[in-house]
Amino acid sequence: QAKKQGGNRYQFFDQNIDRAIKIEQKVENALFHAIEKNELYLVFQPIVDLKTNTIIGTEALIRWDHDYFKQITPLKLIEIAEQSGLIVDIGKWVLREALKQNKKWHDLGYSSMFVSVNISAIQFDQPNFVSMVKSILEETSMSPEFLELEVTETNAMTMVDEKLAKMSKLKEMGIRIAIDDFGTGYSSLAYFTRFPINTLKIDRSFVNEIYHDENAKTIITTIINMAKTINIATTAEGVETFDQVKFLEEQGCDKIQGFLISRPVNPEDIEELFKNKELSKRIEA
Ligand code: C2E
Ligand code: MG
Ligand code: MG
Ligand code: MG
């Protein structure tokens, strides 16, 4: 009896895996057509400088407007795009759209805004990655100084000399490099002293815990102080409360990003935020 139940359980498990694989294949297939069908779009989240309490740039984040697959999270979307290799085309599309939008904002008079774009490891590893970025900057008439590329800590950790050389090339071009989700990869900050990076983005999980966990506070303080000694700026992700801002400000964190300022929104709503003079009051309150 027990054996039979066990057998059934495995069969049930297999069916679930089978179903999951079929769904992934459907998603992959739909994603393959997403660009040409105009289903992908970008939302932007403001990044605020804590010294001036003003928005200095935005992070571009992908969204997919699809009848059946709306509920798929951006993280899952990216994962499927990576597994299928679609990330190369999708990533290029994201970069182009983000730069086009930033150019529009510059033309509207917000000419100091930068845009930060997430780059997946597979995309970064493409042999023509640097020349691709260069040609899209030219195509969109955006100066490289207004582009920041976000590479996750886990990706950066596995960087051998060849990848490091690529990063240096990008930096020489004037592009800024940020390490995303910093603190989750268990790498030492000392390791990053030989990296040509500009910004560390402190992972949301630590910011979340500021008023619940003393360890999180210590980790954040340590990251900020060490970053300062090697001249790297820090951005705190996922800031949701004034208390968090207060702590981050006291510790000398440079920039913040999070729902407290704004959720990722469409470009029109970002323009409203650019104009909003009350923003500084919101942060200081
Ligand atoms: P990420 O790059 O770390 O982006 C920040 C994520 O945190 C975004 O989730 C954003 O909506 C969320 N977030 C921002 N502030 C807060 C906050 O105060 N509270 C909370 N709870 N969440 C906040 P999103 O848009 O779902 O993106 C998830 C991840 O998907 C991104 O994390 C990034 O790793 C990846 N991703 C998104 N767009 C792209 C893309 O165009 N290319 C690549 N390669 N990855 C992307
Ligand atoms: Mg990011
Ligand atoms: Mg991040
Ligand atoms: Mg993150």
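See the structure printed just above.
The shown structure was predicted, so the numbers you read here are calculated from the model rather than taken from an experiment.

Draft legend 1. Expanded view of the coordination of the magnesium ion (ligand 3). Protein coordination of the magnesium ion (ligand 3) is provided by Asp 180 (OD) and Glu 237 (OE), with donor distances spanning 1.6 to 2.0 Å. The two metals, the magnesium ion (ligand 3) and the magnesium ion (ligand 2), are separated by 3.3 Å and share Asp 180 as a common coordinating residue. Here Asp 180, found in strand 5 (residues 176–182), pairs with Glu 237, found in the loop between strand 7 (233–236) and helix 10 (242–251); they are 57 residues apart in sequence, far enough to count as distant. Judged by its relative accessible area of 6%, Asp 180 falls in the buried class. Under the relative-accessibility criterion, Glu 237 is labelled buried at 10%.

Draft legend 2. Geometry of the site of ligand 1. Residues in close proximity to ligand 1 total 22 residues, the closest being Arg 63, Asn 118, Asp 180, Glu 240 and Phe 259. Between ligand 1 and Ile 62 there is a distance of 3.1 Å, counted from a nitrogen atom to a backbone nitrogen or oxygen. The separation between an oxygen atom of ligand 1 and a polar side-chain atom of Arg 63 is 2.9 Å. Here ligand 1, which alone exposes 810 Å², has 85% of that area covered by the protein. Its atoms largely coinciding with the cavity grid, ligand 1 occupies the largest pocket. Those elements giving two or more residues to the shell around ligand 1 turn out to be strand 2 (54–64), helix 2 (74–84) and strand 5. Ranked by residues supplied to the shell around ligand 1, first place goes to strand 2 with 4 residues. Residues belonging to the shell around ligand 1 are distributed by class as follows: 9 nonpolar, 5 polar and 8 charged.

Draft legend 3. Molecular detail of helix 2. Every buried residue of helix 2 is accounted for by Leu 77, Ile 80 and Ala 81. On an axial view of helix 2, the arc spanned by its buried residues comes to 100°, and they lie on one face. Turned more than 90 degrees away from the buried face of helix 2, the exposed residues are Leu 75 and Gln 83. One or two positions beyond helix 2, positive phi appears at Gly 85, with a value near 85°.

Draft legend 4. Expanded view of the packing of aromatic side chains. Using the criterion set out here, one finds 6 aromatic pairs in the structure. Geometrically, the ring pair formed by Trp 64 and Phe 69 is tilted, given 5.8 Å between the ring centres and 35° between the ring planes. Here Trp 64 matches Phe 69 in class, with each residue buried. Their ring planes at 50° and their centres at 4.9 Å tell us that Tyr 110 and Phe 274 sit as a pair that is tilted. Of this pair, Tyr 110 sits in the loop between helix 3 (87–107) and strand 3 (114–119) while Phe 274 sits in helix 11 (residues 267–275); the two residues are 164 residues apart in sequence, bridging distant segments of the chain. A network of ring pairs unites the aromatic residues Phe 44, Trp 105, Tyr 110 and Phe 274 as a single cluster. Of note, Lys 166 hangs over the ring of Phe 124, and the distance from its end group to the ring centre comes to 5.6 Å. Sitting above the plane of the Phe 259 ring, Arg 263 keeps its charged end 4.0 Å from the centroid.

Cut-offs and rules
Residues numbered from 1 in each chain as written. Chains lettered and ligands numbered in written order. Predicted model: local features only at pLDDT ≥ 70, side-chain atom pairs only at ≥ 80, totals over all residues. Heavy atoms only, no water. Donors = N, O, S within 2.8 Å, 3.2 Å for Na, K, Ca; no water. Helix = DSSP H or I, 4+ residues; strand = E, 2+ residues; numbered from the N terminus. Buried < 20%, exposed > 50% of the residue type's maximum accessible area, 1.4 Å probe, protein only. Near = heavy atom within 4 Å. Polar contact = N/O pair within 3.5 Å; in protein donor to acceptor, adjacent residues only side chain to side chain. Areas by Shrake-Rupley, 256 points an atom, 1.4 Å probe, with all protein chains shown as cover. 1 Å grid on protein atoms, 1.4 Å probe; cavity = no way out; pocket = protein on both sides within 12 Å on 5 of 7 lines; lining within 4 Å. Sits in = over half its atoms within 2 Å of the grid points. Nonpolar A, V, L, I, M, F, W, Y, C, P; charged D, E, K, R; others polar. Arc of directions from axis to C-beta. Phe/Tyr/Trp six-rings, centres within 6.5 Å; stacked < 30°, edge-to-face > 60°. Lys NZ or Arg CZ within 6 Å of the ring centre and 35° of its normal.

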